[in-house]
Every structure is written in structure tokens, then in C-alpha cells.
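# What the coordinates show
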Amino acid sequence: GRDYLSLRRKQNKGWAEQNVHKGVEYATDGNFILALKHYQTALELDPDNADAHVAMGAAHANQSKFESACKSFESAIRINPNHVNAKRYLEATRDKLRQRMGPLSTAPPPPATQQQQQQKATTQQG
């Protein structure tokens, strides 16, 4: 039983790698939808494939889906904390997110917490 599982894991890793490579080919041609399908298949076969997470993040970033991209890069870093591309792409994508959101002064204030609202009410009464 153990030999079968070991062989199966090895096969899945190989198939996952093939899907990542195929996805990269599609992404290079600008077909991010098919690329993402291949990355998803790769992750179903091998959820710990950091390269698949990075490739998926890059495809999301190329579609301006920066939040999804960051999540993918963060997943890759959890699996492999030393993944150079994951770190570099995560930082670049966070920069893009900051640019999109503009200066902090234009962002709406965060909603007040219940405690802050109670303090405000108490101050107004007095």
C-alpha cells in the first residue's frame, strides 16, 4: 500500500509540473484563462507546488486581479519561504495595489468600532 501511495504522489508531482509548464505556455501567449485552468489542475494534483502558486499569482496579476495574486504568492511563500520569485512578485503586486488605491488620505476612514461609537455618544451627551 505504501509503495503505491509513494508512486502515486510522484506521478501527481510530475503531472502537476507538466500542467504548470503548459499553463506558462498559455500565459506567454496571453491566454490567462487557459493558463489558470492548468495551474488549478496542477494544485489539485500537488497542493504544495510553490511554482504553481507563483504562476497562478502572475496570471492573476496580469489580469489586474492583484488581491488574488497576493494570496497566491503568499501561499507559495508558506510552502517555500525562500522562493525568490514569490517574494519579488508579492512585493511588486503589493506596490501595484498601493498605486491603485492612491494616497492614504483619499481612502475612506475605517468604520468605527462599537467602542469608539460608545465613546463618541458619551462625549456628545456630556
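This text gives an overview of the structure that appears in the document. (Residues numbered from 1 in each chain as written. Predicted model: local features only at pLDDT ≥ 70, side-chain atom pairs only at ≥ 80, totals over all residues. Heavy atoms only, no water.)

## Description of the overall build of the chain
Each helix and strand counted, the chain has six helices and zero strands in total. Start at the N end of the chain and walk to the C end: the helices and strands fall as α-α-α-α-α-α. Burial status across the chain gives 29% buried among its 126 residues. Considering only contacts in the chain between residues 6 or more positions apart, those separated by 24 or more positions represent 43%. (Helix = DSSP H or I, 4+ residues; strand = E, 2+ residues; numbered from the N terminus. Buried < 20%, exposed > 50% of the residue type's maximum accessible area, 1.4 Å probe, protein only. Contact = heavy atoms within 4.5 Å.)

## Here's the deal with the nonpolar core
Among the nonpolar cores identified, the biggest contains 13 residues, and Ala-27, Leu-36, Tyr-39, Ala-42, Ala-52, Met-56 and Ala-59 are the most heavily contacted of them. At the level of elements, helix H1 (2-28), helix H2 (32-45) and helix H3 (50-62) are the ones that each hand at least two residues to this core. In terms of residue count, H2 provides more of this core than any other element does, six residues in total. Once residues within four sequence positions are removed from consideration, Tyr-39 is found in contact with Val-20, Gly-23, Val-24, Ala-27, Ala-52, Ala-55, Met-56 and Ala-59. Counting residues in each nonpolar core, the second largest holds 11 residues, with Ala-61, Ala-69, Phe-73 and Ala-86 among its members. (Core = buried A, V, L, I, M, F, W, Y, C linked by side-chain atoms within 4.5 Å.)

## Remarks on the packing of H3 against helix H4 (residues 66-79)
Contact geometry for H3 and H4: axes closest at 8 Å, N-to-C directions at 165°. Taken together, the axes of H3 and H4 lie roughly antiparallel to each other. For the element pair H3 and H4, the recorded crossing hand is left-handed. Mapping the contact onto sequence places Ala-50, His-53, Val-54, Met-56, Gly-57, Ala-58, His-60 and Ala-61 in H3 and Phe-66, Ser-68, Ala-69, Ser-72, Phe-73, Ser-75, Ala-76 and Ile-79 in H4. (Axes fitted to C-alpha atoms, helices over the stretch in contact; angles between N-to-C directions. Parallel < 35°, antiparallel > 145°, perpendicular 65-115°, else oblique. Left-handed = near helix turned anticlockwise from the far one by under 90°.)

## Observations concerning the pattern of salt bridges
Scanning all chains against the criterion turns up five salt bridges. Residues Lys-13 and Asp-46 are paired through a salt bridge, measuring 3.8 Å at the closest nitrogen-oxygen approach. Residue Lys-13 is located in helix H1, and its partner Asp-46 is located in the loop between H2 and H3; the two are separated by 33 residues in the primary sequence. We note a salt bridge from Arg-98 to Asp-95, for which the minimum N-O separation is 2.4 Å. With a gap of three residues between them, Arg-98 and Asp-95 both fall in helix H5 (residues 84-101), about one helical turn apart. Classification of Arg-98 as partly exposed rests on a relative accessible area of 45%. Sharing partners across several salt bridges, the network here consists of Glu-91, Asp-95 and Arg-98. (Salt bridge = Lys/Arg side-chain N within 4 Å of Asp/Glu carboxyl O.)

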